[in-house]
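The primary structure of each chain is shown beneath.
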Amino acid sequence: MSKKVRVRFAPSPTGALHLGGVRTVLYNYLFAKHHGGEFILRIEDTDQSRYVPGAEQYIYDCLKWCGLEPDESPTHGGPYAPYRQSERKPMYLQYAQKLVDEGNAYYAFDTAEELEQMRNGHGQYDAKKRGSMRNSLSLSAEEVAALKEQGVPYVVRIKMPENETLYLEDMVRGELSFNTSLVDDKVLLKADGMPTYHLAVVVDDYLMKITHAFRGEEWLPSAPVHILLWKYLGWEQDMPLWAHLPLILKPDGNGKLSKRDGDRLGFPVFPLGWTDPKTNDYSAGYKEIGFLPQAFVNMLAVLGWNDGSEQEIFTLDELVQKFQIDRVHTTGAKFDFEKAKWFNTQWIMHTDVTVLAEMAVPFLKEKGVTANAEYLAKVITLIKDRCHLLTDVYTQGAFFFTTPETIDESAIKDKWNEVKQTFFKQWMEGFTALATWDVATLEQNFNDAVAAAGIKKGEVMLPLRVMLVGGKHGPGVFQIAELLGQEETVKRINNALVVL
RNA sequence: GGCGCGUUGGUCAAGCGGUUAAGACGCCUCCCUUUCACGGAGGAAUGACGGGUUCGAUUCCCGUACGUGCUACCA
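Residues numbered from 1 in each chain as written. Chains lettered and ligands numbered in written order. Predicted model: local features only at pLDDT ≥ 70, side-chain atom pairs only at ≥ 80, totals over all residues. Heavy atoms only, no water.

*Asks:* How should the overall build of chain A be read in this particular structure?
*Replies:* Each helix and strand in chain A was counted, giving 19 helices and 13 strands. Since a compact globule built from 500 residues should have a radius of gyration of about 23 Å, the 32 Å found for chain A marks it as more spread out than a globular shape. The long-range fraction of contacts in chain A, counting pairs at least 24 apart against all pairs at least 6 apart in sequence, stands at 71%. Approximately 23300 Å² of chain A is accessible, and the part contributed by carbon and sulfur atoms is 50%. Side chains of chain A carry 54 positive and 67 negative charges; the gap between the two charge centres is 2 Å. (Helix = DSSP H or I, 4+ residues; strand = E, 2+ residues; numbered from the N terminus. Rg over C-alpha atoms; globule rule 2.2 N^0.38 Å. Contact = heavy atoms within 4.5 Å. Areas by Shrake-Rupley, 256 points an atom, 1.4 Å probe, with all protein chains shown as cover. Lys, Arg positive; Asp, Glu negative; His and termini not counted. Charge placed at Lys NZ, Arg CZ, Asp CG, Glu CD.)

Next comes the structure, spelled out in structure tokens:
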């Protein structure tokens, strides 16, 4: 590629960034970095009525958590600042003016009621209808001047040509064509002087020297407006290459994945926790339920893309290296939370225990557990294979931190007897003679005690486990005892012997 | 309604005219583990439909169906 690759993610701060948005960020980022280019974050806040406080900060937080930091953004700065469209308002005006002056756009004075009436029966504001509407094409120059003088609100609309075919070479979908008669004269500049998405995206992509533009496929129908704008503004040579990304769909049924689906089916659709400022509803994110950011990113990357090999687990660096935009799928993918969890399981298994220990701390703290890093790392070494989420460090390892308050008596009571009671007492008495307290010594000692008592090992293994952990689960029982230490092991066996 | 985009097992998907149609998740069976997981072995399950083109279509073309997106002074 001749020009330096520059891509942008351009969200509207109208709510929490969801899965699909993060995936768009990711593909932008991967593409840019794969080509040694730059990744820009631009905030598209042209609709003041939909602005949600906190949403912009949320975007920064998510990108940071995912490790997808932009090279230029409102907070990182950059040579094309400002990166917030609301702060670029004056820039758009001159281009709207240019379009009007050159006859490619016009002023429209129609009221909401007039528009509604026009649309009755699927009408659209186009070459056929605009003659009967109140605009600078149908009105005389004097009338237009008078209306503006009176302060009648107006918008600027693009003048779509009648029955022309426009072509678009999409990096994902190949060649697409559109008939200009099928899209109406979109508003470019609103009555408040703010641009709509259509004008703003073209102007900013041009001014920011964007070379490749990625967006969701919901934008496909308005692509002809943008192509035309690039032409009308005389920038055709600089138009970025487009790629329209497939949607992420709900797991059951069809349709775009929404927050409601997540609530209904029990999984998050946001990366991080989010409190809706309007309703005060809190939704936990992937971070809060115990996902590793690497797993989250990995899972999103392969939801709509793969490198053609059987590899499924990728680090960010590998993704950067292997990502190719033409291998992005054209079909929307249904989201599968079970598979998402599998990615996290894989990442937990392959992540260093000291790193995991650090990440697990807040989850344990939430449960009132504090443990020193060394001990925690040892615990995680034993239980990491059975953890799917970071929250499982607690659910799988709680007994390492606190003495079980109750034990699953039903698991052993039926076959409990005096012989076993005596066995455990005698076994514990032998502890004081033990030179070391480790797995090998313990097990050997246990085996000897079993032989001396003349009982089967199998009969006392499960009881021992239940005494130590409270139930029929967990890693090797002697490994548990080793980590617990002699004092705690004795304490737990004694506690159990009392209730049995 | 109009237009765009799409359609390989339940889900994610490989494949790019000739294959026993990969692999993964989930499910089932067995093994391992004197627990539970992890792991291992195996299993069930797939080309929307109808026409072409071709010696040969999952693969190319056209219809139909279905799905989905857009059709705002929202992005």
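*Asks:* Honestly, the packing of helix H13 (residues 373–383) against helix H18 (residues 477–484) in this entry has me stumped. Any pointers?
*Replies:* Packed helix pairs are characterised by how far apart their axes lie and by the angle those axes make with each other. Viewed as axis vectors pointing N to C, H13 and H18 meet at an angle of 175 degrees, and their least axial separation amounts to 11 Å. Classified by the interaxial angle, the pair formed by H13 and H18 is roughly antiparallel. For the pair H13 and H18, contact is made by Tyr 375, Lys 378, Val 379 and Leu 382 and by Gln 479, Leu 483 and Leu 484, respectively. Considering only residue class, the contact of H13 with H18 consists of five nonpolar, one polar and one charged. (Axes fitted to C-alpha atoms, helices over the stretch in contact; angles between N-to-C directions. Parallel < 35°, antiparallel > 145°, perpendicular 65-115°, else oblique. Nonpolar A, V, L, I, M, F, W, Y, C, P; charged D, E, K, R; others polar.)

*Asks:* Explanation requested: the packing of helix H6 (residues 197–207) against helix H7 (residues 223–232) in the structure shown.
*Replies:* Where H6 contacts H7, the two axes come as close as 10 Å, and the packing angle between them is 50 degrees. Relative to H7, the element H6 is oriented oblique. Between H6 and H7 lies a crossing of right-handed hand. Between H6 and H7, the residues in contact are Tyr 197, His 198, Leu 199, Val 201, Val 202, Asp 205 and Tyr 206 and Val 225, His 226, Leu 229 and Trp 230, respectively. (Left-handed = near helix turned anticlockwise from the far one by under 90°.)

*Asks:* Explanation requested: the protein's contact with RNA strand B in the structure shown.
*Replies:* Residues in close proximity to RNA strand B total 55 residues, the closest being Arg 173, Glu 312, Arg 386, Lys 457 and Gly 474. What you see for RNA strand B is that sugar and phosphate hold 71% of its atoms within 4 Å of the protein. Those elements giving two or more residues to the surface near RNA strand B turn out to be strand E4 (155–158), strand E13 (333–334), helix H11 (337–350) and helix H17 (457–469). (Near = heavy atom within 4 Å.)

*Asks:* Looking at this structure, I do not really get the environment of Ser 309. What am I missing?
*Replies:* Tracing the backbone through its elements, the reader meets Ser 309 in the loop between helix H9 (293–301) and helix H10 (316–322). A C-alpha to C-alpha distance of 37 Å links Ser 309 and Asp 204, two positions 105 residues apart in sequence. Engagement of the side chain of Ser 309 in a polar contact is seen with the side chain of Asp 307, the distance being 2.7 Å. Of note is the side chain of Ser 309, whose polar atom sits 3.1 Å from the backbone nitrogen of Gln 311. (Polar contact = N/O pair within 3.5 Å; in protein donor to acceptor, adjacent residues only side chain to side chain.)

*Asks:* What exactly am I supposed to notice about unusual backbone geometry here?
*Replies:* Excluding glycine, residues mostly carry a negative phi; peptide bonds, for their part, are mostly trans. Between Ala 81 and the following residue, Pro 82, the backbone shows a cis peptide bond with an omega angle of 0 degrees. Positioned with a positive phi, Asn 163 is a non-glycine residue whose angle comes to about 55 degrees. Tracing the chain through its elements places Asn 163 in the loop between E4 and strand E5 (165–170). Look at Lys 209: it is not a glycine, yet its phi comes out positive at around 55 degrees. If you trace the backbone, Lys 209 turns up in the loop between H6 and strand E8 (212–216).

*Asks:* Sorry if this is basic, but what is going on with the side chain of Asn 104 here?
*Replies:* As for its placement among the helices and strands, Asn 104 is situated in the loop between helix H3 (89–101) and strand E3 (105–108). With residues up to four places along the chain from it excluded, the contact list for Asn 104 reads Leu 99, Arg 157, Ile 158, Lys 159 and Tyr 232.

*Asks:* Help me understand the packing of aromatic side chains, please; the structure alone is not making it clear to me.
*Replies:* Within a pair of aromatic rings, the relevant descriptors are the distance that separates the centres and the angle that separates the planes. In this structure the tally under the stated criterion is 31 aromatic pairs. Measuring from ring centre to ring centre gives 5.7 Å for Phe 109 and Tyr 154, while their planes differ by 50 degrees; the resulting arrangement is tilted. Taken as a pair, Phe 109 in the loop between E3 and helix H4 (112–119) and Tyr 154 in the loop between helix H5 (141–149) and E4 lie far apart in primary sequence, 45 residues in all. Relative accessible area serves as the criterion here: at 1%, Phe 109 is assigned to the buried category. Look at Tyr 154 and you get partly exposed, because its relative accessible area is 30%. Following the ring pairs from residue to residue traces out a cluster consisting of Trp 416, Phe 423, Phe 424, Trp 427, Phe 431, Trp 437, Phe 446 and Phe 478. Between Lys 148 and the ring centre of Tyr 107, over which it is positioned, the NZ or CZ distance is 3.6 Å. Here Arg 157 stacks its cationic end above the ring of Tyr 125, 3.9 Å away from the centre of that ring. (Phe/Tyr/Trp six-rings, centres within 6.5 Å; stacked < 30°, edge-to-face > 60°. Buried < 20%, exposed > 50% of the residue type's maximum accessible area, 1.4 Å probe, protein only. Lys NZ or Arg CZ within 6 Å of the ring centre and 35° of its normal.)

*Asks:* Even after reading the chapter, I still don't get the sheet that holds strand E7 (residues 187–189), so can you show me in this structure?
*Replies:* Through backbone hydrogen bonds, the strands of a sheet pair up, either in parallel or in antiparallel fashion. The sheet built from three strands is open, its strands ordered E3-E4-E7 with antiparallel pairing. Both edges of this open sheet fall to E3 and E7, since each of them pairs with a single strand only. Across the sheet, the mean angle separating the axes of adjacent strands is 45 degrees when strand polarity is ignored. The sheet contact formed by E4 and E7 spans two bridges and is antiparallel. Paired with Val 156 across the strands is Leu 189, a residue of E7. Relative to the sheet, H3 contacts E3, E4 and E7, its axis offset from that of E3 by approximately 105 degrees. (Pairing = 2+ DSSP bridges.)

*Asks:* Is there a simple way to explain the nonpolar core in this structure?
*Replies:* Side chains that are nonpolar tend, in soluble globular proteins, to be buried together. By size, the foremost hydrophobic cluster in this structure holds 114 residues, and its most contacted members are Phe 296, Ile 325, Phe 335, Phe 400, Phe 424 and Trp 427. Per-element tally for this core: the top contributor is helix H1 (residues 19–34), with nine residues. Excluding its chain neighbours within four sequence positions, the residues that come into contact with Ile 325 are Phe 31, Met 171, Val 172, Phe 214, Ala 243 and Leu 245. (Core = buried A, V, L, I, M, F, W, Y, C linked by side-chain atoms within 4.5 Å.)

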